Amino acid sequence: QQQVKQSPQSLIVQKGGISIINCAYENTAFDYFPWYQQFPGKGPALLIAIRPDVSEKKEGRFTISFNKSAKQFSLHIMDSQPGDSATYFCAAQTGANNLFFGTGTRLTVIP
Amino acid sequence: DGGITQSPKYLFRKEGQNVTLSCEQNLNHDAMYWYRQDPGQGLRLIYYSQIVNDFQKGDIAEGYSVSREKKESFPLTVTSAQKNPTAFYLCASSSPGARSWGYTFGSGTRLTVV
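The numbers attached to residues start from 1 for each chain and follow its sequence in the written order. Working convention: letters from A go to chains and numbers from 1 go to ligands, in the order in which they are written. Where totals are concerned, whole chains, interfaces and linings use all residues; where local detail is concerned, this predicted model gives features only for residues with pLDDT of at least 70, and gives and counts side-chain atom pairs only at 80 or more. In computing side-chain values, all of the structure's heavy atoms are included and hydrogens and water are not.

### Points about the state of the cysteines
Condition: We call a pair of cysteine sulfur atoms a disulfide when they lie within 2.5 Å. Secondary structure elements are defined from DSSP: runs of H or I of at least 4 residues count as helices, runs of E of at least 2 residues count as strands, and each element is numbered from the N terminus. The buried label goes to any residue with under 20% of its type's maximum accessible area, the exposed label to any with over 50%, and the partly exposed label to all in between, with areas taken from a 1.4 Å probe on protein chains only.
Under the definition given, this model contains two disulfides over all chains. Covalently, C23 of chain A is tied to C90 of chain A through a disulfide, its sulfur atoms 1.9 Å apart. Between C23 of chain A and C90 of chain A, the S-S dihedral sits near -100°, and the bridge is therefore left-handed. Residue C23 of chain A is located in strand β3 (residues 19–25), and its partner C90 of chain A is located in strand β9 (residues 86–93); the two are separated by 67 residues in the primary sequence. Judged by its relative accessible area of 3%, C23 of chain A falls in the buried class. Disulfide pairing places C23 of chain B opposite C91 of chain B at an S-S distance of 1.9 Å. Given an S-S torsion of about -75°, the disulfide between C23 of chain B and C91 of chain B has left-handed geometry. Of this pair, C23 of chain B sits in strand β3 (residues 19–25) while C91 of chain B sits in strand β9 (residues 87–94), and the two are 68 residues apart along the sequence.

### Structural notes on the sheet that holds strand β1 (residues 4–7) of chain A
Residue and element names in this part refer to chain A. Put simply, the rule reads: Two strands are counted as paired when DSSP detects at least two bridges linking them. Axis lines are fitted through C-alpha atoms, for helices just across the contact stretch, and the angle between N-to-C directions can take any value from 0 to 180 degrees.
Spatially, five strands are ordered β1-β3-β8-β7-β6 in an open sheet, and the strand pairing comes out antiparallel. With one partner strand each, in any of the chains shown, β1 and β6 (56–59) form the two edges of the open sheet. Strand-to-strand twist in this sheet, taken as the mean axis angle between neighbours without regard to direction, amounts to 15°. The sheet contact formed by strand β7 (residues 62–67) and strand β8 (residues 72–77) spans six bridges and is antiparallel. When the bridges of β8 are listed, N67 appears paired with Q72.

### Notes on a nonpolar patch on the surface
Spelled out, the test is: Note on patches: the residues involved have over 30% relative accessible area and no salt bridge, like charges join within 9 Å, and the nonpolar side chains Val, Leu, Ile, Met, Phe, Trp and Tyr join within 5 Å. Only the protein chains shown count as cover for residues, with accessible areas throughout obtained via the Shrake-Rupley method and a probe of 1.4 Å. Salt bridges are defined as contacts in which a side-chain nitrogen from Lys or Arg sits within 4 Å of a carboxyl oxygen from Asp or Glu.
The grouping of I18, I20 and M78 of chain A at the surface amounts to a nonpolar patch, some 240 Å² of accessible area in total. Along the chain, I18 of chain A falls in the loop between β2 (10–14) and β3.

### A few points about the nonpolar core
Keep this limit in mind: Only buried residues count toward a nonpolar core, which is a set of Ala, Val, Leu, Ile, Met, Phe, Trp, Tyr and Cys residues joined through side-chain atoms within 4.5 Å. In this analysis, two residues are considered to be in contact whenever any of their non-hydrogen atoms come within 4.5 Å of each other.
If you look at the biggest cluster of nonpolar residues, it comprises 24 residues, and the most contacted ones within it are F33, W35, F73, L75, Y88 and L107 of chain A. Elements represented by at least two residues in this core include exactly β2, β3, β4 (33–38), β5 (45–50), β7, β8, β9 and β11 (105–110) of chain A. For this core, the element with the most residues is β9 of chain A, which contributes four residues. Excluding its chain neighbours within four sequence positions, the residues that come into contact with F73 of chain A are V4, I21, N22, C23, Y25, F33, W35, S65, F66, C90 and A91 of chain A. Y47, Y64, V66 and C91 of chain B belong to the second-largest nonpolar core, a separate cluster that totals 20 residues.

### Here's the deal with the pattern of salt bridges
For the structure shown, the criterion picks out six salt bridges over all chains. One salt bridge connects E26 of chain A with K71 of chain A, and the closest N-O pair in it is separated by 3.3 Å. Linking E26 of chain A in the loop between β3 and β4 with K71 of chain A in the loop between β7 and β8, this pair joins segments that are 45 residues apart in sequence. Residue D30 of chain B is joined to K71 of chain B by a salt bridge in which the shortest nitrogen-to-oxygen separation is 3.4 Å. In this pair, D30 of chain B is assigned in the loop between β3 and β4 (31–37) and K71 of chain B in the loop between β7 (64–66) and β8 (76–78), connecting sequence segments 41 residues apart. The class for K71 of chain B is partly exposed, based on a relative accessible area of 24%. Among the charged side chains, a network of salt bridges with common partners joins R36, D38 and R44 of chain B.

This is the structure in structure tokens:
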């Protein structure tokens, strides 16, 4: 059973546009929600993360929006650039060693 | 620089062979993990270890084995019992005591059966 559901599976955005990736979860014990960015042939790298006591976290062009009551969270990439083209994974975690990944979204930013 | 080193980057295995993938970290992390990634797929957990000399099966442990004799090292053996081993293998580590619970990943090993 997929603990974290992620959509869409793939996304094509024009340069300068906004990329939005959505995730949903059921387990209310999750208390840490990271996003990972993976370029082809590389390992995922932690991009940005949020804890459920805040509704939004912004780092540069990347923003996580978190809706605790709906058990949903999303990644927004503002002013998307071709260099943002990668696969993005949302994840949810309980404790420090119990991480569950979404299935990934392949983002392509067209120049 | 602190990080995770996976080797080799590419590995070719003949049918019926066992192969071992190396994972070394110098982050002083207690926990280490092995994931398998198939094309267009998410990450599936193979094995994890929270402490030296102890490890647990993940979701797809059949056909794989691990050891954790040192804190820094967590090698993965892909045995001949794994019927479809061609995949991208990722090692990761984390530290329960860290303020950030994020996992640190290595650059991966791409295993191909020939």
